[in-house]
There are 2 protein chains.
Amino acid sequence: MFYLIGLGLCDEKDITVRGLEAVKSCTRIYLEAYTSILMIQKEKLEAFYGKELILADRDMVETESDEILRDADKENVALLVVGDPFGATTHTDIVLRARSLKIPTRVIHNASIMNAIGACGLQLYNFGQTVSLVFFTDTWKPDSFYDRIKENADLGMHTLVLLDIKVKEQSEENLARGRKIYEPPRYMSIPQAVSQLSEIEELRNGGILTPAKTLAIAVSRVGGGEGQERIVSGTLEELGSQDPSVFGEPLHSLVIVGKRIHHLEIEYAESFSVDRETWRNVARDVYGCSLE
Amino acid sequence: MFYLIGLGLCDEKDITVRGLEAVKSCTRIYLEAYTSILMIQKEKLEAFYGKELILADRDMVETESDEILRDADKENVALLVVGDPFGATTHTDIVLRARSLKIPTRVIHNASIMNAIGACGLQLYNFGQTVSLVFFTDTWKPDSFYDRIKENADLGMHTLVLLDIKVKEQSEENLARGRKIYEPPRYMSIPQAVSQLSEIEELRNGGILTPAKTLAIAVSRVGGGEGQERIVSGTLEELGSQDPSVFGEPLHSLVIVGKRIHHLEIEYAESFSVDRETWRNVARDVYGCSLE
């Protein structure tokens, strides 16, 4: 059996009981280390499972799927994925490959940011499409996310914005010299995300990401409990001017609040706000929420 | 501590290790028995936890939250929720109440249909807002879902349609006589859902749910493994004409496929299709997918 197992959002204890049983039955266990970054180390997972893990970067999952699937018709093999296997990055390719090799496959689902974002208090029903925001460079500032957010905003829907992470980056020099030396991972911070959003708003001028008039909610380490999870709400302007430490440890995500919001959702998220008065004023004056 | 714990999608083993530890630490454990129906019995959960559960219907969660939260500042109390606590039905009310009583709260997330629907092979990124489809009666056919699906369809986005369930219904006679006798639970089947969708399409004529030209994917018991999980793809016409047993046991959900679909997604879902040729033809001719 080939198991594709979601690890959930935070640490070794977020695996499901079914997932843990499956892991313990496996002869080879791969840990995917690309789409997201688990908040704990491989070693801690290994100690918890009592099993060795093989790190698999995205390249390996894509190009060496036959090696991952080797003998999975005779023994149990697992690929562990942070969040859910069909979350932000899907794993349909390896499932298709398993299918064509007649290897039975079982997916063990878990929470991912795509549903746990509900923790910010906004109804999941009213989220539109999800977008990714990549690190801008001096010469490359892809802005198609803006059209997606605008489509959602025009319908009053919320947008979940997933912030870029860079792992296994090579410096230009190392790349040029063919040295496989990698830079430390980089995570986009909330202020940086806001700065990029504002830059494109200025360029495109659609009025959907105006810093002082757009409500947003920043989240990190959802489900991580006290001292880990952070939820901060405010205007884009407020979020952009906070010290990055306010938002806790990465990974960060950002929700752009749509106009189809209920006053109870505003009141729920108010307790996370940088400034209650500003939050309520913008909700009332710009979003048309009837608040007391 | 007040724990709000997601049970995941299928059975007692879908709880996370963290969730199970929390349950075992609690003096009172409530099981919410409204928003969804777990596929296993309360007794089986109790045996697995070694703890007694108190059934809490939606009424109780809404009106007796103070009783649920009683003493949660001194001992551990849990409310168990099928799926994720912030899935289709959110539990912000009771969290707000706990907050105002200064009771520390921890949410333990899990998979819900809102993210596990990715198992059908469509990118979660490209889902728009989610809609619910309620049982029509002779005199009550609420059709606002149509506007929502149209908004999504106009942007090419997919729509997750959650099908109604009726629990704790009283017959008119029992209701009139004030007898608290309840009918057996009812679950909307896929053919019934398709029939309702088609009825409103005929009425509204927006061309977004034309039976022979609209691709859809029916899912049930996602994550339930072999013999439980069912995924069936086809045109609405095809799905509507299948015997309901084709779709397995409830709960059922339906995805209306949007035009912003990649040919790899079509190919993935093809293996679940009622008829491969029809699936491919409609994908090519109506959705403009470039298939070989």
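Residues numbered from 1 in each chain as written. Chains lettered and ligands numbered in written order. Predicted model: local features only at pLDDT ≥ 70, side-chain atom pairs only at ≥ 80, totals over all residues. Heavy atoms only, no water.

The cut-off we apply is this: UniProt positions are given in the numbering used here, feature names are shortened, and annotations may be inferred rather than shown by experiment.
As annotated in an unreviewed UniProt entry, chain A is diphthine methyl ester synthase from Meripilus lineatus. For chain A, the Function (unreviewed entry) comment in UniProt is given as "S-adenosyl-L-methionine-dependent methyltransferase that catalyzes four methylations of the modified target histidine residue in translation elongation factor 2 (EF-2), to form an intermediate called diphthine methyl ester. The four successive methylation reactions represent the second step of diphthamide biosynthesis."

**A word on the nonpolar core**
In a soluble, globular protein the nonpolar side chains are often hidden away together inside. Short version of the rule: For this analysis, a nonpolar core means a set of buried residues of the types Ala, Val, Leu, Ile, Met, Phe, Trp, Tyr and Cys, connected via side-chain atoms within 4.5 Å. The buried label goes to any residue with under 20% of its type's maximum accessible area, the exposed label to any with over 50%, and the partly exposed label to all in between, with areas taken from a 1.4 Å probe on protein chains only. Contact between two residues is taken to exist if any of their heavy atoms lie within 4.5 Å; hydrogens are not considered.
In terms of nonpolar packing, the biggest core is built from 102 residues, with A:F2, A:I217, B:F2 and B:I217 touching the most fellow members. Apart from residues lying up to four places away in sequence, A:I217 is in contact with A:C120, A:L122, A:I231, A:V232, A:S233, A:L239, A:S253, A:L254, A:V255, A:V257, A:A269 and A:W279.

**Some remarks on the relation of the copies chain A and chain B**
Basically, it comes down to this: Least-squares superposition aligns the copies on the C-alpha atoms of those residues with pLDDT at or above 70 in both.
Once chain A has been moved 0.0 Å along the axis and rotated by 180 degrees, it coincides with chain B to within an RMSD of 0.1 Å. Overall, the copies show the geometry of a two-fold rotation axis. Take the interface residues of chain A: 100% of them recur as interface residues in chain B, which is what a same-surface contact looks like.

**Observations regarding the pairing of strand β11 (residues 230–235) of chain B**
Residues and elements named next belong to chain B. Going by this rule: A run of DSSP states H or I qualifies as a helix once it reaches four residues; a run of E qualifies as a strand once it reaches two. Both are numbered from the N-terminal end. Paired strands, as defined in this entry, are two strands with at least two bridges between them according to DSSP.
Among the six residues in β11, five count as buried, and that is most of the element. Judged from the six bridges that link them, strand β10 (residues 215–220) and β11 form a sheet pairing that is antiparallel. The residue bridging S220 from the neighbouring strand is R230, located in β11.

**Here's the deal with the sheet that holds strand β2 (residues 28–32) of chain B**
All names here are of chain B. Here is the rule: To define axes, lines are fitted to C-alpha atoms, for helices over the stretch in contact only, and angles between the resulting N-to-C directions are given on a 0 to 180 degree scale.
As summarised here, the arrangement of the five strands in space is β3-β2-β4-β1-β5, forming an open sheet in which the pairing is parallel. Among the strands making up the open sheet, the edge pair consists of β3 (54–56) and β5 (105–108). Each neighbouring strand pair of the sheet contributes to a mean axis angle of 20 degrees, computed without reference to strand direction. Where β2 meets strand β4 (residues 77–81), four bridges bridge the pair, whose relative direction is parallel. Bridge pairing links Y30 to L79 in β4. Strand contacts of helix α5 (residues 92–100): β1 (2–6), β4 and β5, with the helix running at about 160 degrees to β1, the strand carrying the most contacts.

**Comments concerning the side chain of B:S253**
Residue and element names in this part refer to chain B. Looking at the element boundaries, S253 is found in strand β12 (residues 252–256). Looking at S253, the relative accessible area reads 7%, which means it is buried. Beyond its immediate stretch of four places on either side in the chain, S253 contacts I113, L160, V161, L162, L163, I190, I217, A218 and V219.

**Here we look at the UniProt feature "binding site: S-adenosyl-L-methionine" (unreviewed entry) in chain A**
UniProt annotation of "binding site: S-adenosyl-L-methionine" (unreviewed entry) refers to A:L9, A:D84, A:G87, A:S112, A:I113, A:L163, A:V222 and A:H252 when read in the numbering used here. Its place among the elements puts A:L9 in the loop between β1 (2–6) and α1 (17–24). Structurally, the position occupied by A:S112 is in the loop between β5 (105–108) and α6 (113–116). On the accessibility criterion, A:S112 (4% relative accessible area) is buried. Beyond its immediate chain neighbours, meaning those up to four positions away, A:S112 contacts A:L9, A:G83, A:D84, A:G87 and B:N115.

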